Amino acid sequence: MKSLTSKYLIIALGLGILFHGTAMFFTLEETYDALIHLFFAEHYASNWSEPWSYKWYTGFTVMGYPPLVHQLLALLSFIAGLKFALFTFTLLLIILFITGVYRFSLVLTKNTKYAGFAAVFCVFSSVYIETLHVFGQLPTLMGVSLLLHVIPEVYNWVITHKKRYLISSLLLMAVMVCSHHVTPIFGMVFFIFPTLGLAILDKAKSNTGSYKEVKLMHFIKTLWGSIKQIIGFGLGSLILLIGCILPYWINTKNNPITQVPIPHGSRDNFLEVLSSGLVFFIIPYGIVICLLPYILYRLFSKRLICFGLSFSMLFLLGTGGTTPLPKLLLGENAFSILTLDRFTFWASIMSFPLVGELFYRLFKSDYKSYLRKQIGKIYYFGMVVSIGAIIAFFAVFTTNIGKFRPSQPQAIKMLPIVNFLNQDMHYKWRYLTLGFGDQMAWLSSQTNALTVDGNYHSARRLPELTTKAVERLENSKFRGIEGIGSLQQFLSNSNKFHLKYVFSNDKFYDPILFFTGWEKLVVLENNIVVWEKQNIDPLPTLLPRIDVADFQKIIWSFIPISMLIMLLLWTLLRYMFFPKLTDTLPNVKPTSLSFVKPMRIWNLIVFLTVIWFMQSSFKTYGIQNTPEHVVKHYYDALDFNFFEKAHSYLDMQSHKTLDQFMLEIAVSDGVLSSYAKLDSIVVKELNRKGDTCIVKAQTKWITPLESIDKTEEFKTIKRKDKWYIIPKEPSKYIPSNQFFDTPKVEYYNQGRRKITTQQTHHEDILPQPVVYVLNASLIQKDSAYHVIGEIQNLDYFPASIQVKAELYDGSNNLLASFSPKFQSKYNLSPYEVVPFKIDFEEIAWLTTNKSSESFNPQEFHPKEFKTIPNHFVIHVSSTVSTKNLYNAVQISAVQQSDNQNIIGELYNSGNKEVTIPQILISYKEASRLRWVDHAFVKTSIRPHRKVDFLIKPKLVTDIKVLKSTTKDCFINGMPNNEIEYIKDLSVNRLESTLDKNVIQNNNIQLKVNNFIGND
């Protein structure tokens, strides 16, 4: 009897531990999912039997994902922490996967040498490297590794009918179910069913003497003889699939996934979105693409025909949206929910045994002799080197793909953030991270503080999240307008979520934070900027949760680990008391070499396709071969801050040096220059004369405040077969004063003066500034309700205010509660007056089915009420402010054009550059406020410089005033009317003309709010 252990398996294990065991220390923490699994592991380590976590999404259940992998990580973390658990578990997973590939290959090839070469190949396969070192999908790898170990047990159970194989297969299935719920479901269809077919064919062949003699009746007869074994395994697997993770199925039934599908690159058309084709098709298959003729030739042999059909189906489903067939086969719902790269992953793994077989024949056996005889030793050696080079290229490229296009920000030191959350009871409020990538999960695993965001989108419960195709608020800018719109809802109405702190690792979000009422608090030692919103209520002592029955907690806490322990004990007993595995069937003889000619033709086609693709890519995406391309690449370089590359596209004969170009970039600021990401660009040729051409670029930019459409014309010139852009001349305006001073008043708040953990003493509490609601109205415009008004700071020191309006019906039932978004100013100088508008907006698409459309934050969704709003209540809270008080921008030269547009100039008389000026527009009628709007100026205003602005007035004739009163307005809990006497006593009420202009004929009042990005 021949042992099934191969020296190549030992080599594969050594190479796997050496290669992956070394690479994981450099890649694993930068993957998409690894830190998420550590977050779940920390939950189990802290609350093993509690399925509810408060840390993400205002609370969610961990029963939405099988627990075993996370529980194993939790157990290992007790030894030396979560990072130790991650690397130790990954090392064990590497061994499990390699041995699984070997055993699976042994079933398909019946040859230890072939299986050994397959095990060596899997170590360097790009699909495994991508799944581990790029995606970090530990449960997926755990599930597929166990599936590969199940296959030989199921095969031997059908062949021999020995119960020890049934017990092994069912225990492996149980552990697989507890590790990853998707793998056993699809694995049963695409791996187990073909294995059953293979076992029946092998058994029929043993009765007939050869596969040629096996006819349909022989197959059916043999199948009937093993039907009890097949049904027994099937029923056992079904019971385990349901029973081992029963709480998961109950949770899925009670809380079905009803959220808008999140776009995924695996569903793209790979011919249109080349980056998705690279990541989800080219890389997973790697060199397998070149070997497809042999793989299909072998899989569609009579013995492996079941696996051939399965591989074809997996290959087809893995093409995503390239063809309509995957959507037709899966259905609209499944296609939108599933990530289709899993099918490519399984198809690639299914090819491993045949790749190992081919490589052994190529390097050690008959194919080697054939090639050396046909093409000579030198060409044969060159071919072997080429194959090795392709495998090495895919392995190295895939391992380091994050270096070419980083998918994560630089590693963030979490200790300063953890310390901040722990001090002064900051953990009593929720926080939000921006620009952290998947490291937000690592922060959550190190602190008990709660965040309104999360990193497991299937567990989201808030309708503000589930109605948008946005995976995380943290990276909302990458979802463009839709992402920014989702973020706005949380930043504007932060009190609803007890959201007080934002940790920003990306200055892109600074404007939206400022204009929704947030203040920069401190810059931590790791360069993370902490933003704070004043007057946010702390979290209640008791938070809502969804409890489950005790039996579900018992199943979830103990069944997965129990199944693993049973599997380990059974494996130990099996190898102690049963004979070692032996090859019970003779080796399958090598197939003929009839695949050689199709292989040559196929690889010639692949080679020519690559050449054609490179040539067509140059024509389509060539940098300077056309005027349109040079303009597109110029914008692309500017968008990614590759300024040296952008300068290289400028005409050198214009004599604009790199220093001059960089200087012009440095002095240009504003929402478009500093806070915009290019969303789309269309370039058209307008006029070409000889070697010069005028082109028009129509661009759409995504900013944290709004989307901006911009049209610009460029003059290009051709020199030595390359097109260049002729640069434009910068503004020649020069301020009159080279050196000037500006007197100003500054404020400083000591905060807590005594070092104590006790409650703050009264002498350290500053009096709340006295503010007053001058007027307030409930209005209706179309079907939407709004509250508008004006607030004045009556105090002699600045005030930071937060405004909230509540709507009630005639029975005093609360209908809605909202805060202003952009139509207000949140930091008021002494005696300053500001308008405000509060929109009562429905959560977008909450009551409509628009899952196929893209959310637009500028699209207004009026709040729908079951009863008619009757009156309103306004709550204003104020605290002393020391920031964001720059008021040196003046409005001048205001006039109304012939087309009724308002044009004018903003002049900065101070000594700070205003990055984004905002103009608040108050529409009045007989000194009575009718409407409030806003406009952002696209360019910054440097000191002693001016910029032009243009405002298109809104029609406000269709506004219906429902109620105007300040009776139900409260200032820091005090009725507004009780403050009126303070207003009457105030003789210093100022209505500054420096930041306000009134156009008398239209009663439009303008006021400036200034964001200083570098303050």
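Residues numbered from 1 in each chain as written. Predicted model: local features only at pLDDT ≥ 70, side-chain atom pairs only at ≥ 80, totals over all residues. Heavy atoms only, no water.

As named in an unreviewed UniProt entry, the chain is 6-pyruvoyl-tetrahydropterin synthase-related protein, taken from Pseudofulvibacter geojedonensis.

The next point concerns the overall build of the chain. Within the chain one finds 33 helices and 27 strands. Taken against the 2.2 N^0.38 rule, which gives 31 Å for 1015 residues, the C-alpha radius of gyration of the chain at 34 Å falls within 12% of a compact globule. If you line up the chain on its principal axes, its C-alpha atoms span 110 × 80 × 55 Å. Taking all 1015 residues of the chain together, the buried fraction comes to 53%. (Helix = DSSP H or I, 4+ residues; strand = E, 2+ residues; numbered from the N terminus. Rg over C-alpha atoms; globule rule 2.2 N^0.38 Å. Buried < 20%, exposed > 50% of the residue type's maximum accessible area, 1.4 Å probe, protein only.)

All told, the structure shown has 60 aromatic pairs when counted by the stated rule. An angle of 85° between the planes, with centres 5.8 Å apart, marks the rings of F40 and Y456 as edge-to-face. Of the two residues, F40 is situated in helix α2 (residues 34-46) and Y456 in the loop between α23 (439-444) and α24 (463-466); the sequence distance between them amounts to 416 residues. Accessibility expressed as a relative area gives 3% for F40, which makes it buried. (Phe/Tyr/Trp six-rings, centres within 6.5 Å; stacked < 30°, edge-to-face > 60°.)

A cluster of nonpolar residues, L274, L604, F607, L608, V610, I611, W612, F613 and M614, forms a patch on the protein surface that exposes about 900 Å² of accessible area. For the nonpolar patch, the element with the highest residue contribution is helix α28 (residues 596-621), accounting for eight residues. Relative to the elements of secondary structure, W612 occurs in helix α28. (Patch = residues over 30% accessible without salt bridge, like charges linked within 9 Å, V, L, I, M, F, W, Y side chains within 5 Å. Areas by Shrake-Rupley, 256 points an atom, 1.4 Å probe, with all protein chains shown as cover. Salt bridge = Lys/Arg side-chain N within 4 Å of Asp/Glu carboxyl O.)

Leftover empty space is mapped by rolling, across the atoms, a probe with the size of a water molecule. The final tally for this structure, using the stated rule, is three cavities of 30 Å³ or more. Empty space within the largest cavity amounts to approximately 70 Å³. As for the largest cavity, its lining consists of 14 residues, and the residues nearest its centre are F121, S125, S126, G286 and I287. Within the residue set of the lining of the largest cavity, elements represented by two or more residues are α6 (126-135), α13 (274-285) and α20 (366-399). Size it by volume and the second largest cavity reaches roughly 60 Å³. (1 Å grid on protein atoms, 1.4 Å probe; cavity = no way out; pocket = protein on both sides within 12 Å on 5 of 7 lines; lining within 4 Å. Points joined across faces, edges and corners; volume = space filled by probe spheres on them.)

A word on the packing of helix α3 (residues 68-80) against helix α4 (residues 82-109). A pair of packed helices is captured by two measures, namely the crossing angle of their axes and the spacing between those axes. Relative to each other, α3 and α4 sit at 120°, their axes nearing to 7 Å. As summarised for this structure, α3 and α4 are arranged oblique, according to the angle between their axes. Handedness of the crossing formed by α3 with α4: right-handed. Together, V69, L72, L73, L76, S77, I79 and A80 of α3 and L82, F84, A85, L86, T88 and F89 of α4 make up the contact between the two elements. Per-class residue counts for the contact of α3 with α4 are 11 nonpolar, two polar and no charged. (Axes fitted to C-alpha atoms, helices over the stretch in contact; angles between N-to-C directions. Parallel < 35°, antiparallel > 145°, perpendicular 65-115°, else oblique. Left-handed = near helix turned anticlockwise from the far one by under 90°. Contact = heavy atoms within 4.5 Å. Nonpolar A, V, L, I, M, F, W, Y, C, P; charged D, E, K, R; others polar.)

What follows covers the pairing of strand β21 (residues 928-936). Counting buried positions over the nine residues of β21 gives seven, a clear majority of the element. Here strand β20 (residues 916-925) runs beside β21; their pairing, made up of eight bridges, is antiparallel. Bridge assignment links L920 to a residue of β21, and that residue is H934. Hairpin connection, β20 to β21: the antiparallel pair is bridged by two residues, and A926 has positive phi, about 55°. (Pairing = 2+ DSSP bridges.)

In this section: the nonpolar core. The biggest cluster of nonpolar side chains holds 220 residues, and the ones touching the most others in it are F233, F359 and I417. Looking at which element gives the most residues to this core, the answer is α4, with 15 residues. The contact partners of I417, leaving out residues within four places of it in the chain, are I412, F436, L443, F503, L524, N526 and I528. Counting residues in hydrophobic clusters, the runner-up holds 29 residues, among them V803, L807, F872 and I874. (Core = buried A, V, L, I, M, F, W, Y, C linked by side-chain atoms within 4.5 Å.)

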